[in-house]
Amino acid sequence: MTQNISVPDIGDFDSVEIIEVLIKVGDQINKDDPIVTLESDKSSVEVPSPIAGIITELNIKVGDKVSSGSLLCKIESHESNLDQKKESKKNVILTEEKNIKKINSENIPIVKSVKKSLDQPSSKDDVDPLETKEWIESLNAVIENDGPSRASFILSKVVSEAYTAGLSLPDTRTTPYINTIPTELEVKSPGNQNIEKKIRAYVRWNAAAMVVRANKVSSELGGHIGTFASAATLYDVGMNHFWRAKNKDFGGDLIYFQGHSAPGMYARAFLEGRLSEKQLNRFRQEVGAGGLSSYPHPWLMPKFWQFPTVSMGLGPIMGIYQARFLKYLINRGLLKDEGRKIWVFLGDGETDEPESLGAISLAAREKLDNLIFVINCNLQRLDGPVRGNGKIIQELEGNFRGAGWNVLKVIWGSYWDPLLKADKTGLLMKRMNEVVDGEYQAMKAKGGAYVREKFFGKYPELTELVSSMTDNDIWKLNRGGHDPHKVYAAYHAAMHHQGSPTVVIAKTVKGYGMGKSGESINTTHQQKKLDEQDLLYYRDRFNVPLTDKQVKNIEYYKPAENSEEIKYLKERRKQLGGFIPERSSLAKPIKAPPKDIFENFMKSTGDKEMSTTMALVRMLTNLLRDKNVAPRLVPIIPDEARTFGMEGFFRKIGIYAHEGQKYEPEDSEQLSSYKETKSGQVLEEGITEAGAMSSWIAAATAYTNHDIEMIPIYIFYSMFGFQRVGDFAWAAGDAQARGFLIGATAGRTTLAGEGLQHQDGHSHILASMIPNCVSYDPTFSYEMAVIFREGLRRMHEENENIFYYITAMNENYSHPAKPKGADEGILKGMYLFKENINKGKIKIQLMGSGTILREAIAAAKILSEEYRVDSDIWSITSFNELRKDGMEIERRNLLNPGNKKEKSYIEKCLEKRDGPIIAVSDYVRSFSDQIRPYTSKPFYSLGTDGFGRSDTRKNLRKFFEVDKEHIVAYTLSALAKEQLLSSDIAEKAFKKYNIDKKKAFPTKL
Ligand SMILES: Cc1ncc(C[n+]2csc(CCOP(=O)(O)OP(=O)(O)O)c2C)c(N)n1
Ligand SMILES: [Mg+2]
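First, a word on what this report is: a plain description of the structure on this page.

Cut-offs applied
- Residues numbered from 1 in each chain as written.
- Chains lettered and ligands numbered in written order.
- Predicted model: local features only at pLDDT ≥ 70, side-chain atom pairs only at ≥ 80, totals over all residues.
- Heavy atoms only, no water.
- 1 Å grid on protein atoms, 1.4 Å probe; cavity = no way out; pocket = protein on both sides within 12 Å on 5 of 7 lines; lining within 4 Å.
- Points joined across faces, edges and corners; volume = space filled by probe spheres on them.
- Helix = DSSP H or I, 4+ residues; strand = E, 2+ residues; numbered from the N terminus.
- Near = heavy atom within 4 Å.
- Polar contact = N/O pair within 3.5 Å; in protein donor to acceptor, adjacent residues only side chain to side chain.
- Areas by Shrake-Rupley, 256 points an atom, 1.4 Å probe, with all protein chains shown as cover.
- Buried < 20%, exposed > 50% of the residue type's maximum accessible area, 1.4 Å probe, protein only.
- Arc of directions from axis to C-beta.
- Contact = heavy atoms within 4.5 Å.
- Salt bridge = Lys/Arg side-chain N within 4 Å of Asp/Glu carboxyl O.
- Axes fitted to C-alpha atoms, helices over the stretch in contact; angles between N-to-C directions.
- Parallel < 35°, antiparallel > 145°, perpendicular 65-115°, else oblique.
- Left-handed = near helix turned anticlockwise from the far one by under 90°.
- Nonpolar A, V, L, I, M, F, W, Y, C, P; charged D, E, K, R; others polar.
- Core = buried A, V, L, I, M, F, W, Y, C linked by side-chain atoms within 4.5 Å.
- Lys, Arg positive; Asp, Glu negative; His and termini not counted.
- Pairing = 2+ DSSP bridges.
- Phe/Tyr/Trp six-rings, centres within 6.5 Å; stacked < 30°, edge-to-face > 60°.
- Lys NZ or Arg CZ within 6 Å of the ring centre and 35° of its normal.

1. Examining empty space enclosed by the protein
One water molecule sets the probe size; rolling that probe over the atoms shows where empty space is left. A full pass over the atoms with the stated rule returns 9 cavities of 30 Å³ or more. In this structure, the largest cavity spans a volume of roughly 110 Å³. What lines the largest cavity is simply W412, W416, Y440, M443, K444, V451, F455, I474, L477 and R479. Per-element accounting of the lining of the largest cavity gives the leading share, 3 residues, to helix α14 (residues 437–446).

See the structure below:
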């Protein structure tokens, strides 16, 4: 049956141009194959075929204007398109519902019955204790007879009933200040505790010794002992029992180590034989080969560290998006689901950072049960208590529970178990709840007698409870985070939890084991020197088998290879698949697409006007037709797809949604409808630049973390890029990210109406500070195409560890054809766009970048025609790249004073050309000024220094003095200064163009 295929609903657009016809008569096409590409003044979008079949008639051609309902072609097909569309939508919804039901039913927690009956202490709030008792007994009876699930169900019904009756109920965000997992339900560690204890002692010792040694070399070097001392058990249990390494059979768990606990990881790697004593002695001495980084830096130790975490807050949010990206790869069918986990370690102080907790609701919403946070609550940060007057553990529990996480508190160690068991009235728990963190910290600094008096002494019953214990026994009452049994049980539960992420909140002591030199004291964070007495104490505390002399020499301790400790440690890692951390990549490069995919962009667009953003989106659309590249593209957008004309991607490749689409979108009949799907490719992040950047980093490092090369393209308002998330961009450089950052609506004057906080005049300066970031400010679509293609080749085919920052604009204009031979210059940063020769005697070198190049071109015409000033017009695609080349060559020349001087690329371009340089851009002058030292000619910059403001482009360019009139007048003035022209001519030009000389410099306005 022949069916007519027409333009579907294209929203508000009418009469849009066909820019590509992607089929011809006789073609056999599949459903959803693109038929034509339509382009409005803002975006381009492919029209997919609603059915499969053979094209029998083509009713349009390139250049035609069409509207919704216009006939495109006829297809001979056996399908009826409408029915099928409805059916498939229904199917998607049904399948998703089925999946959700399945997940929900799988996740009903199976909890064994735990019964702990407390005789409530009499309280003045309880007017009828007998009745209260009856209620509690009824509850216990249900637990006993029908199980905890039934009891939970009844309670939830009672609670809803109470809410309906308008009762105000107690705050349930937090649970009592005790461990979440009752002792009876703790899964026991299969490990040999004796050996593990010894290993942990050696790791502790070596970590401290390494820091102390470095500070003997120079106290400049710094380092931390107290943090790892508090976290040693938390890491050790993971290393011995849970964290599976990457190997040929398994993708590996990913561990984000708390940055300044790095000494502990080196100390363990030393026992594992992965680091030598010589390397340990070079802790924080990295200049020259063989040193160890202060913190986890993949750039500096590319075979060891995977995640740069020391800038606090970045690790947690990057970890969340890493877990999300892992699910994305699985749901898109690019990775198999091996049950890999992402573990993220953070400090309790670190949770002050907005980034740390900023994305926890996303983690729950996305059901990231592959994610485990471990928060080391040693109650201290750098200066003092994290929450002296409060309780950080309770605060965090409330936040995470409220966000929908599985929360496992590990507060008390096993020595507390008998006391808690003996606490028949609940008074101990009450006391635990009422003591604030500042007091808890002081107790660990001051010893057992102090704890007896201050903690137990408050109530006679509690004093009695510990009456048979010595002060030393009381001192030994350990915190959960230092008890391998409790930690094991929590990690085990976290590993097996389904349906939501887990946070293990562990209570520890900062500087654990350091005694007077650092245990639980406010200054412990910066403690990096231990004197002899401190070291001897530390050795004794953990029974490290070193003689006094060895301690005084600060020797490391490593038992023999055939000792039970080393054999055990190695065997554990062998069982878990290898060593951690370790960084490697088995990813295969992606073959860059054939040139012709970009060929269209090399031609002139004639009268047709478009923005470089549109050109880029068209390039991406073309790339989606390349079978190698298409599946690897990860478009990332923080709620701006429509701003950038990318809404066509929604329908074409789908928006990633782990639950699929459970609703029929409002615009379902439209061509660019909001299509969410489980295998969707677009990461529509919502309004979170930090989240989008974290996704980008996850995708940009997938080559090492998942052994698959991906091509992330994160498009954002350029002003909300580096400026907002500069620290992430820096971390991306450290992590050796590969991918594209696109600063759209770039430049101070292209985004006319939006004003001060939107108009970007400096993102390129920020980008230029990151050593492995390659940045460009192209003007024309062919420049964009050449740059983008080279980026694909360098990063994803050649696997260079660089990333690209490219600015794109939303100003529409026509684009010329690529000048012959311009490719090399485009990539190096400048090429001769045009020579204006009009027999003028005076010559200038006119440089322009981005949108302002067009003003320069217009100014050159005026200068040539009206003032007989000839110009060479240079398109500067990257002042940043030119500067890098200039710096390097200058350095080489200075290093080799006797050699023939090498020329920088700029010098080579300009050596046979006369006249002063006028450099203009839509950025602050320091952007173009960067190349000033590498040119031997007079140099004048025009730029957009100052705060932006809302107005038309024309007025903005006038205000910032970068429009063609200002360029002409300032050029004439510069020529007068160089004594190449009479100053009268320049003065006349200022008058002619009504340039107000009294106007203040724009930075002051
Ligand atoms: C963004 C950022 N700000 C400041 C620091 C400096 N700094 C390093 S550790 C630290 C205190 C950390 O306290 P916490 O998170 O509780 O970790 P702990 O050492 O107690 O485990 C600070 C402020 C940093 N590394 N990153
Ligand atoms: Mg802390």
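2. Considerations on the site of ligand 1
Neighbouring ligand 1 are 18 residues, the closest being T227, H260, D348, G349 and K510. Here an oxygen atom of ligand 1 sits 2.8 Å away from a polar atom, N or O, in the main chain of G349. One of the side-chain nitrogen or oxygen atoms of K510 is found 2.7 Å away from an oxygen atom of ligand 1. Look at ligand 1: alone it shows 580 Å² of surface, and the protein chains cover 76% of it.

3. Looking at α14
Looking only at α14, the buried set comprises D437, Y440, Q441, M443 and K444. Along the axis of α14, the buried residues cluster in a sector spanning 155°; they form a single face. Structurally, α14 contributes buried residues whose contacts are with α11 (392–403), α13 (427–434), α15 (448–454), α17 (471–475) and β13 (502–507). Directly after α14, the chain includes G447, whose backbone phi takes a positive value near 100°.

4. Here we look at the pattern of salt bridges
Under the counting rule described, the total for this entry stands at 65 salt bridges. A salt bridge links R268 to E272; the shortest N-O distance between them is 3.3 Å. For the pair shown, R268 and E272 are each scored as buried. Salt bridges sharing partners connect three or more residues here, namely R200, D236, R268, E272, R274 and E582.

5. Describing the packing of helix α4 (residues 193–217) against helix α6 (residues 262–271)
Viewed as axis vectors pointing N to C, α4 and α6 meet at an angle of 120°, and their least axial separation amounts to 8 Å. For the element pair α4 / α6, the angle class is oblique. Note that α4 runs across α6; the crossing there is right-handed. Contacts between α4 and α6 involve I199, Y202, V203, N206, A207, M210 and V211 from the former and P263, G264, Y266, A267, R268, F270 and L271 from the latter. Considering only residue class, the contact of α4 with α6 consists of 11 nonpolar, 2 polar and 1 charged.

6. Digging into unusual backbone geometry
Note the cis peptide between I580 and P581, where omega equals -5°. Relative to the assigned elements, P581 resides in the loop between α21 (564–575) and α22 (596–599). Positive phi values are uncommon outside glycine, yet R284 reaches one of about 60°. Exposure remark for R284: the relative accessible area of 17% places this residue in the buried category. Within the chain, E961 stands out as a residue other than glycine whose phi angle is a positive 65°. Looking at the element boundaries, E961 is found in the loop between α35 (953–960) and α36 (964–977).

7. Focus: the nonpolar core
Counting residues in each nonpolar core, the largest one holds 90 residues, and the members touching the most others are I320, W405, F456 and W696. It is helix α8 (residues 314–331) that contributes the most residues to this core, 10 residues altogether. Discounting residues that sit within four places of it in the chain, I320 has contacts with A359, I360, L362, A363, L368, L371, F373 and W405. Counting residues in hydrophobic clusters, the runner-up holds 86 residues, among them F644, Y782, L846 and A969.

8. Some thoughts on the environment of E855
Tracing the backbone shows E855 in helix α31 (residues 852–867). With near-sequence residues (within four places) excluded, E855 lies in contact with R957, V962, D963, K964 and I967. A distance of 2.8 Å separates a polar side-chain atom of E855 from the backbone nitrogen of K964.

9. Some thoughts on the side chain of D870
Tracing the backbone shows D870 in strand β26 (residues 869–876). In this structure, D870 is buried with no salt-bridge partner, the nearest side chain bearing the opposite charge being K843 at 6.6 Å.

10. Side note on the packing of α4 against α21
Closest axis-to-axis distance for the α4/α21 pair is 10 Å, and the angle between their directions is 95°. Relative to α21, the element α4 lies roughly perpendicular. Contacts between α4 and α21 involve I195, E196, K198, I199 and Y202 from the first element and E564, E565, Y568 and L569 from the second.

11. What to know about the sheet that holds strand β1 (residues 2–6)
With antiparallel pairing, the 4 strands of this open sheet are ordered in space as β1-β8-β6-β3. If you trace the sheet from one side to the other, it starts and ends with β1 and β3 (28–29), each paired once. As paired elements, β3 and strand β6 (residues 53–58) share 2 bridges and run antiparallel to each other. For I29, the partnering residue across the bridge sits in β6 and is G53.

12. Focus on the packing of aromatic side chains
Within the structure shown, the criterion is met by 54 aromatic pairs. Ring plane angle 70° and centroid distance 5.4 Å describe the contact between W696 and F803, whose orientation is recorded as edge-to-face. Remark: F803 occurs in strand β22 (residues 803–807) and W696 occurs in helix α25 (residues 689–700); sequence separation between them is 107 residues. W696 gets classed as buried once you look at its relative accessible area, which sits at 0%. Residue class for F803 comes out buried when judged on its relative accessible area of 0%. Centre to centre, the rings of Y782 and Y831 are 6.4 Å apart; their planes meet at 65°, and the pair counts as edge-to-face. Here Y831 lies in strand β24 (residues 830–836) and Y782 lies in helix α29 (residues 781–797), a separation of 49 residues in the sequence. Judged on exposure class, the residue Y782 and its partner Y831 are both buried. Looking at K507, its charged tip hangs above the ring of Y440, at a distance of 3.2 Å from the centre.

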